[in-house]
Amino acid sequence: MSQHRTIVVGIAGGIAAYKAVSVVRAFVLQGHSVHVVATDAALRFIGKPTLEAISRNPVHSDLYEGVAEVRHVAIGQSADLIVIAPATANTIAKLATGLADDLLGNAVLASTAPLVIAPAMHTEMWNNPATVANIATLRSRGVTIVGPGSGRLTGSDTGPGRMSEPDEIVEAATAVLATEGRDSGSGTVGDLAGKRVVISAGGTREPLDPVRFLGNRSSGKQGVALATAAGARGASVTLIGANLEVAVPDGLRRTINVGTTLELQEAMDEAAREADLVIMAAAVADYRPTEVRQGKIRKEETGDTLTLELVKNPDILAGLVATRSGNQLIVGFAAETEPDDDRLLEIGRAKLVRKGCDFLVINRVGWQEGFAVDDNRVLVLDRGGDIVAEAAGSKMSVADRILDVVAGT
Ligand code: C5P
């Protein structure tokens with residue numbers, strides 16, 4: 001989808017350069033095209049092959065390479081956003097004066113894209129009046145300054161100057177990208193800017209004893225894709241992950257991990273209080289054992305059959321609908337094994353009425369579909385039971401289609 005943009009990540013020569021790898025990776029996982037421009041000094045701290053592997057693009061550092069294609073201008077012109085992390089005192093000084101004695105300086109000057117910088121240096125350098133003045137100049141030109149944080153520096157000293165953590169930089173950069181709306185035509189860029197979105201993902205597990213649980217095969221891929229896509233569209237996202245079996249991108253800073261349905265309920269109730277949009281993508285265990293045994297259930301005690309008594313879990317989604325306030329939108333999921341399309345739709349419509357949510361995303365699950373695979377196929381129903389979207393493909397593209405509908409409300 002066209003909200004995936006071209007981001008130039010500039011890396012200057014500071015020890016924090018190693019953390020730039022996580023910044024690059026998070027942008028790539030968000031689906032952006034990432035081009036790294038490293039200074040010569042940066043490449044003394046971090047290897048080009050690492051950056052090329054992670055960014056999936058060639059890394060440029062030499063002003064006198066690619067001259068025929070006027071690379072320094074092309075890089076700057078192609079950027080929807082430039083992020084410099086770490087930005088050293090030297091690089092900051094050059095940016096403030098408009099110096100272009102290396103590829104990064106040229107690319108920045110040749111670009112009209114928003115600029116986000118994450119300073120990193122020793123406290124004395126950060127507090128030096130020259131740096132203070134340079135930062136003020138950059139701020140006055142609309143440059144977004146992320147951090148620096150205060151904490152342990154390279155040596156044994158501590159204080160302000162430590163580069164912000166990669167997820168903070170990514171979140172700030174994503175917000176800039178969204179609000180700047182350097183649109184390439186879809187109208188979806190930043191359509192969730194300023195919105196607080198809470199998404200549950202994964203599957204709850206109910207312990208029987210210290211070593212066993214009742215659970216389901218949900219990996220959390222679709223929910224994490226929704227959270228990633230919402231973040232890329234400018235939302236401030238809280239992901240509540242139930243036993244996720246998929247990596248959470250660095251950019252999703254607010255992730256709360258839960259295990260059981262009751263833990264999920266508590267986390268959702270709390271997070272949803274302030275949310276504009278709530279998406280319950282998690283597969284929730286409908287029942288839990290009445291009793292959780294403190295010791296392992298042993299075959300010797302149970303014999304050839306074992307009867308478990310289960311008690312119904314609360315319906316978190318229905319509870320969220322019942323207690324919501326204001327204009328909060330709530331989206332539910334229905335994972336069903338029904339093979340017949342018409343019957344699947346009927347089941348979905350009945351569920352929509354029972355839950356009372358604004359949208360219901362229906363997907364078929366089975367031994368081979370739905371759970372733990374990379375692709376998905378869904379139908380989205382609105383409150384009236386009408387099909388408002390159909391999507392098939394990667395879970396990321398399905399996530400975007402779902403958000404197209406929800407964000408358009
Ligand atoms: O009733 P069913 O489990 O099919 O409903 C699915 C939807 O309801 C999903 O959005 C799921 O996250 C949510 N749910 C819930 N609490 C439950 C069961 C399901 O919030 N106990």
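Reading the values: the criteria
- Residues numbered from 1 in each chain as written.
- Predicted model: local features only at pLDDT ≥ 70, side-chain atom pairs only at ≥ 80, totals over all residues.
- Heavy atoms only, no water.
- Salt bridge = Lys/Arg side-chain N within 4 Å of Asp/Glu carboxyl O.
- Helix = DSSP H or I, 4+ residues; strand = E, 2+ residues; numbered from the N terminus.
- Buried < 20%, exposed > 50% of the residue type's maximum accessible area, 1.4 Å probe, protein only.
- Contact = heavy atoms within 4.5 Å.
- pLDDT = per-residue confidence, 0-100.
- Pairing = 2+ DSSP bridges.
- Near = heavy atom within 4 Å.
- Polar contact = N/O pair within 3.5 Å; in protein donor to acceptor, adjacent residues only side chain to side chain.
- Areas by Shrake-Rupley, 256 points an atom, 1.4 Å probe, with all protein chains shown as cover.
- Nonpolar A, V, L, I, M, F, W, Y, C, P; charged D, E, K, R; others polar.

Novice: Quick question: what am I supposed to make of the pattern of salt bridges here?
Specialist: If the charged atoms of two oppositely charged side chains come close together, the side chains can form a pair. Applying the stated criterion to the full structure yields 23 salt bridges. Residues Glu171 and Arg254 are paired through a salt bridge, measuring 3.4 Å at the closest nitrogen-oxygen approach. Taken together, the residues span a long stretch of sequence, with Glu171 in helix H9 (residues 166-180) and Arg254 in strand E12 (residues 254-258) at a distance of 83 residues. Among the ionic pairs, Arg324 bridges to Asp358, the shortest N-O distance being 2.7 Å. Taken together, the residues span a long stretch of sequence, with Arg324 in the loop between helix H13 (316-323) and strand E16 (329-336) and Asp358 in the loop between helix H14 (341-355) and strand E17 (359-364) at a distance of 34 residues. Look at Arg324 and you get partly exposed, because its relative accessible area is 26%.

Novice: What exactly am I supposed to notice about the environment of Glu338 here?
Specialist: Note that Glu338 resides in the loop between E16 and H14. In sequence terms Glu338 and Arg364 are 26 residues apart; their C-alpha atoms lie 7.1 Å from each other. Not counting the four nearest positions on each side in its chain, Glu338 is found in contact with Arg343, Leu344, Ile347 and Arg364.

Novice: Just checking my understanding: could you explain the confidence of the model for the chain for this structure?
Specialist: When pLDDT is averaged along the chain, the result is 90, and 96% of the positions lie at 70 or above. Residue range residues 181-187 is modelled with pLDDT below 50. Its contacts to residues more than four positions away, or to other chains, number 13 contacts.

Novice: How should the sheet that holds strand E4 (residues 115-119) be read in this particular structure?
Specialist: Paired through their backbone hydrogen bonds, the strands of a sheet run either parallel or antiparallel. Read across the sheet, five strands follow the order E2-E1-E3-E4-E5 without closing on themselves; strand pairing throughout is parallel. Sheet topology places strand E2 (33-38) and strand E5 (144-145) at the edges, where each strand pairs with a single neighbour. Bridge analysis of strand E1 (residues 6-11) against E2 gives six bridges, and the strand direction is parallel. The residue of E2 that forms the bridge with Thr6 is Ser33.

Novice: I'm lost on the site of the ligand in this one. Help?
Specialist: The ligand sits among Met280, Ala282, Val284, Asp286, Pro314, Asp315, Ile316, Leu317, Gly332, Phe333, Lys351 and Lys355. The separation between a nitrogen atom of the ligand and a polar main-chain atom of Ile316 is 3.0 Å. At a separation of 2.3 Å, an oxygen atom of the ligand approaches a polar side-chain atom of Lys351. For the ligand, the protein covers 87% of the area, taking 440 Å² as the surface of the free molecule. Elements supplying a minimum of two residues to the shell around the ligand: H13, E16 and H14. Here the shell around the ligand is composed, by residue class, of seven nonpolar, one polar and four charged.

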